[in-house]
Amino acid sequence: MCVLCWQFLTDDHWTEQQFAADDSMTATAGGERERTRRRARYHRTQVLNQILSHYGLRLDDWHSRSYVLSDRTGKTVMVQDLGALWPAAQELAGRPLDPLDAGLLAALRQASPTSEPTV
């Protein structure tokens, strides 16, 4: 089986699954459930890019089925799901990536709003 066919036949990773209180939402191509899934995936990609940019990496969505991880030199790797992202990012960066790195945390703090919204 070629890589492209395999992409469309695999089950979703647990981070991609949605659980509705009722089963009234059907998974049609243009349905509300699919739009909600794609919006959530887009948001996850944005958040991940805030983290990965600190290491010189970028994550792009590939047809809402996989991810393309790339570095500044143009090297790319396909990542099936978020479970495979961090090991692939470490390999592409050529070093261990520490999510508790003081520089990363400072950059994330600086990028986020400094004050909490008032209620």
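The preceding data block contains the structure.
A brief structural summary.

So, how was this worked out
Residues numbered from 1 in each chain as written. Predicted model: local features only at pLDDT ≥ 70, side-chain atom pairs only at ≥ 80, totals over all residues. Heavy atoms only, no water. Core = buried A, V, L, I, M, F, W, Y, C linked by side-chain atoms within 4.5 Å. Buried < 20%, exposed > 50% of the residue type's maximum accessible area, 1.4 Å probe, protein only. Helix = DSSP H or I, 4+ residues; strand = E, 2+ residues; numbered from the N terminus. Salt bridge = Lys/Arg side-chain N within 4 Å of Asp/Glu carboxyl O.

Considerations on the nonpolar core
Now for step 1: Core analysis: the largest hydrophobic core is formed by 15 residues, its most contacted members being Leu52, Leu57, Leu59, Leu69 and Leu85.
Now for step 2: Put simply, the parts of the chain that give this core at least two residues each are helix H2 (32–52), strand E1 (57–62), strand E2 (66–71) and helix H3 (85–93).
Now for step 3: Element by element, the count of residues in this core is highest for H3, at four residues.

Topic: the pattern of salt bridges
Now for step 1: Across all of its chains, the model carries seven salt bridges by this definition.
Now for step 2: Between glutamate 34 and arginine 37 there is a salt bridge, and its shortest N-O distance comes to 2.8 Å. Taken as a pair, glutamate 34 and arginine 37 lie in helix H2 at a separation of three residues, close to a single helical turn. Both residues of the pair, glutamate 34 and arginine 37, count as buried.

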